[in-house]
Amino acid sequence: MEVKIGVQYAARELVLESAQTPAEVEQAVTEAMAKDSVLTLTDEKGRKVIVPISKVAYVEIAESANRPFGFTTR
């Protein structure tokens, strides 16, 4: 699943591929907002992304689209 995080005063957004479900990511964002703490997410390779919730402009959660490759027929 792809997660995009917009950070205030940053020209580019943070993009990571996460093995977490959309519900788990949404819960992590909601909990961080309620506690006014940091948002911590882990990508598919085990790397952690930590962002102060006060600097988060938006979080976009999208399912990864399985793109066909090679020679396919529909």
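One can find the structure itself at the top, above this paragraph.
The shown structure was predicted, so the numbers you read here are calculated from the model rather than taken from an experiment.

**Side note on the pattern of salt bridges**
Think of it this way: side chains of opposite charge can pair up when their charged atoms draw near.
Phase 1: The tally for this structure, following the rule as stated, stands at two salt bridges.
Phase 2: Between Lys 4 and Glu 13 there is a salt bridge; the shortest N-O distance is 3.9 Å.
Phase 3: The class for Lys 4 is partly exposed, based on a relative accessible area of 21%.
Phase 4: Taking the shortest distance from any N to any O, the salt bridge between Arg 47 and Asp 43 comes out at 2.8 Å.
Phase 5: With relative accessibility at 11%, the residue Asp 43 sits in the buried group.

**Side note on the sheet that holds strand β2 (residues 14–17)**
Phase 1: Spatially, β2-β1-β5 is the arrangement adopted by the three strands of the open sheet, whose pairing is antiparallel. If you trace the sheet from one side to the other, it starts and ends with β2 and β5 (56–62), each paired once. The average undirected angle you get between the axes of adjacent strands in this sheet is 15 degrees.

**A short note on unusual backbone geometry**
Phase 1: A positive phi angle, near 65 degrees, is found at Tyr 9, a position not held by glycine.
Phase 2: One non-glycine residue with positive phi stands out, namely Asp 36, at about 50 degrees.
Phase 3: Inspection of the secondary structure puts Asp 36 in the loop between α1 (22–35) and β3 (38–42).
Phase 4: Residue class for Asp 36 comes out exposed when judged on its relative accessible area of 59%.

**Some remarks on the side chain of Asp 43**
Phase 1: Among the secondary structure elements, Asp 43 is positioned in the loop between β3 and β4 (48–52).
Phase 2: Within the structure, the side chain of Asp 43 is placed 3.0 Å from the backbone nitrogen of Lys 45, a separation counted as a polar contact.
Phase 3: Within the structure, the side chain of Asp 43 is placed 3.0 Å from the backbone nitrogen of Gly 46, a separation counted as a polar contact.
Phase 4: Residues in contact with Asp 43, not counting those within four places in the same chain, are Leu 16, Glu 17 and Ser 18.

**Details of the pairing of β4**
Phase 1: Both β3 and β4 contribute to a ladder of five bridges, which runs antiparallel. Among the inter-strand pairings, Leu 39 is bridged to a residue of β4, identified as Val 51.
Phase 2: Where β3 hands over to β4, the hairpin turn is made up of five residues, of which Gly 46 adopts a positive phi near 90 degrees.

Rules behind the numbers
- Each residue is numbered by its place in its chain's sequence as written, counting from 1.
- Local features are withheld for residues below a pLDDT of 70 in this predicted model, meaning they are given only at 70 or higher, and side-chain atom pairs are given and counted only at 80 or more; totals for whole chains, interfaces and linings count all residues.
- In computing side-chain values, all of the structure's heavy atoms are included and hydrogens and water are not.
- By definition here, a salt bridge exists when the distance from a side-chain nitrogen of Lys or Arg to a carboxyl oxygen of Asp or Glu is within 4 Å.
- Working definition: with a 1.4 Å probe on protein chains only, accessible area under 20% of the residue-type maximum means buried, over 50% means exposed, and in between means partly exposed.
- What makes two strands pair is DSSP finding at least two bridges between them.
- Strands here mean DSSP runs of E at least two residues long; helices mean DSSP runs of H or I at least four residues long; both are numbered from the N terminus.
- Note on geometry: axes are lines fitted to C-alpha atoms, helical ones only across the stretch in contact, with angles between N-to-C directions running from 0 to 180 degrees.
- The term polar contact refers here to a pair of N or O atoms within 3.5 Å; inside protein, the definition further demands a hydrogen-donor-capable atom paired with an acceptor-capable atom, and it admits residues adjacent in sequence only when both atoms are side-chain atoms.
- Note on contacts: a residue pair is in contact if any heavy atoms of the two residues lie within 4.5 Å.

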